[in-house]
Amino acid sequence: QVQLVESGGGLVQPGGSLRLSCAASGNIFAINVMGWYRQAPGKERELVAAISNGGTTSYADSVKGRFTVSRDNARNPVYLQMSSLKPEDTAVYFCNAVTDAGRIYWGKGTLVTVSS
């Protein structure tokens with residue numbers, strides 16, 4: 001079992017920055033990939049960014065050049081640094097972990113609101 005807890009969401013003005021954190025606990029050494037997803041009202045959940053154990057990162061086209069996913073050590077915690085935020089970035093952001101057995105775990109999410 002893996003537990004994920006997100007933090008760092010809040011209200012920010014357009015053009016501003018915010019850093020989200022995801023703390024994992026439990027069987028963290030089984031985690032292969034950690035990612036950030038988001039879900040805006042009325043829309044499907046979408047992948048924002050991901051980072052593998054080897055440090056390989058991937059990003060949605062909509063956030064490339066503005067968001068950076070990183071981590072402090074091998075697996076934990078994982079951060080999402082968000083810059084040049086736009087109103088369309090408003091969503092609930094979820095942390096995700098995929099284990100070597102293919103199990104998927106989710107955090108409860110943290111709300112990011114980009115508004116003036």
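(A) Representation of the state of the cysteines within the structure. Taken as a whole and judged by the stated rule, the model has 1 disulfide. Here Cys22 connects covalently by a disulfide to Cys95, the sulfurs 2.0 Å from one another. One quick way to see it: the torsion about the S-S bond of Cys22 and Cys95 is about -85°, and its sign makes the bridge left-handed. Pair noted here: Cys22 is in strand E3 (residues 18-26) and Cys95 is in strand E9 (residues 91-99), with a separation of 73 residues, a long-range link. In terms of burial, Cys22 and Cys95 fall into one category: buried.

(B) Layout of the nonpolar core. Ranked by internal contacts, the top residues of the largest apolar core, which has 30 residues, are Leu4, Met34, Trp36, Leu80, Met82 and Tyr93. Among the secondary structure elements, those contributing two or more residues to this core are strand E1 (2-7), E3, strand E4 (31-39), strand E5 (46-52), strand E7 (67-71), strand E8 (78-82), E9 and strand E11 (110-114). Those residues in contact with Tyr93, other than ones at most four positions away along the chain, are Glu6, Leu20, Trp36, Tyr37, Arg38, Val48, Phe67, Leu80, Met82, Gly109, Thr110 and Val112.

(C) Expanded view of the pairing of E1. Alternating positions in E1 separate cleanly, Val2, Leu4 and Glu6 being buried on one face and Gln3, Val5 and Ser7 remaining unburied on the opposite face. Across 6 bridges, the pairing between E1 and E3 is antiparallel. Looking at E3, one finds that Val5 is bridged to Ala23.

(D) Quick look at the pattern of salt bridges. Following the criterion strictly, the structure yields 4 salt bridges and no others. With a closest N to O distance of 2.7 Å, Glu46 and Arg38 form a salt bridge. Across the pair Asp61 and Lys64 runs a salt bridge whose closest N-O atoms are separated by 3.1 Å. Here Asp61 falls in the exposed class, since its relative accessible area comes to 65%. On the basis of relative accessibility, which here comes to 51%, the residue Lys64 falls in the exposed class. Put simply, Arg38, Glu46, Arg66 and Asp89 are held in one network by salt bridges that share partners.

(E) Up close: the side chain of Ser21. Locating Ser21 in the fold gives a position in strand E3. Since its relative accessible area comes to 17%, Ser21 is described here as buried. Those residues in contact with Ser21 that sit more than four places away from it in its chain are Val5, Glu6, Ser7, Trp36, Val78 and Tyr79.

(F) Broad picture of unusual backbone geometry. The phi dihedral of Ser84 is positive, around 50°, even though this residue is not glycine. Tracing the backbone through its elements, the reader meets Ser84 in the loop between E8 and E9. Here Ser84 falls in the partly exposed class, since its relative accessible area comes to 41%.

(G) Representation of the environment of Val92 in the model. Assignment of secondary structure puts Val92 in strand E9. The partly exposed category is assigned to Val92, whose relative accessible area is 25%. Along the chain, Val92 and Glu44 lie 48 residues apart, while their C-alpha atoms are 11 Å from each other. Not counting the four nearest positions on each side in its chain, Val92 is found in contact with Tyr37, Arg38, Gln39, Gly109, Thr110 and Leu111.

What counts and how
- Along each chain, residue indices are assigned from 1 in the same order as the chain's sequence is written.
- Local features in this predicted model are restricted to residues of pLDDT 70 or higher, and side-chain atom pairs are both shown and tallied only at a pLDDT of 80 or more, whereas totals for entire chains, interfaces and linings draw on every residue.
- Water and hydrogen atoms play no part in the side-chain values, which are based on all heavy atoms of the structure.
- When two cysteine sulfur atoms are found within 2.5 Å, that pair is recorded as a disulfide.
- Numbering goes from the N terminus for both helices and strands, where a helix is a DSSP run of H or I of at least four residues and a strand is a run of E of at least two.
- Accessibility here uses a 1.4 Å probe with only protein chains present; expressed as a share of the type maximum, an area under 20% marks a residue as buried, one over 50% as exposed, and anything in between as partly exposed.
- By convention a nonpolar core is built from buried Ala, Val, Leu, Ile, Met, Phe, Trp, Tyr and Cys residues, the set being connected through side-chain atoms within 4.5 Å.
- The contact criterion used is simple: two residues touch if any of their non-hydrogen atoms lie within 4.5 Å.
- For two strands to be treated as a pair, DSSP must find at least two bridges joining them.
- A pair is scored as a salt bridge if a Lys or Arg side-chain nitrogen falls within 4 Å of a carboxyl oxygen belonging to Asp or Glu.

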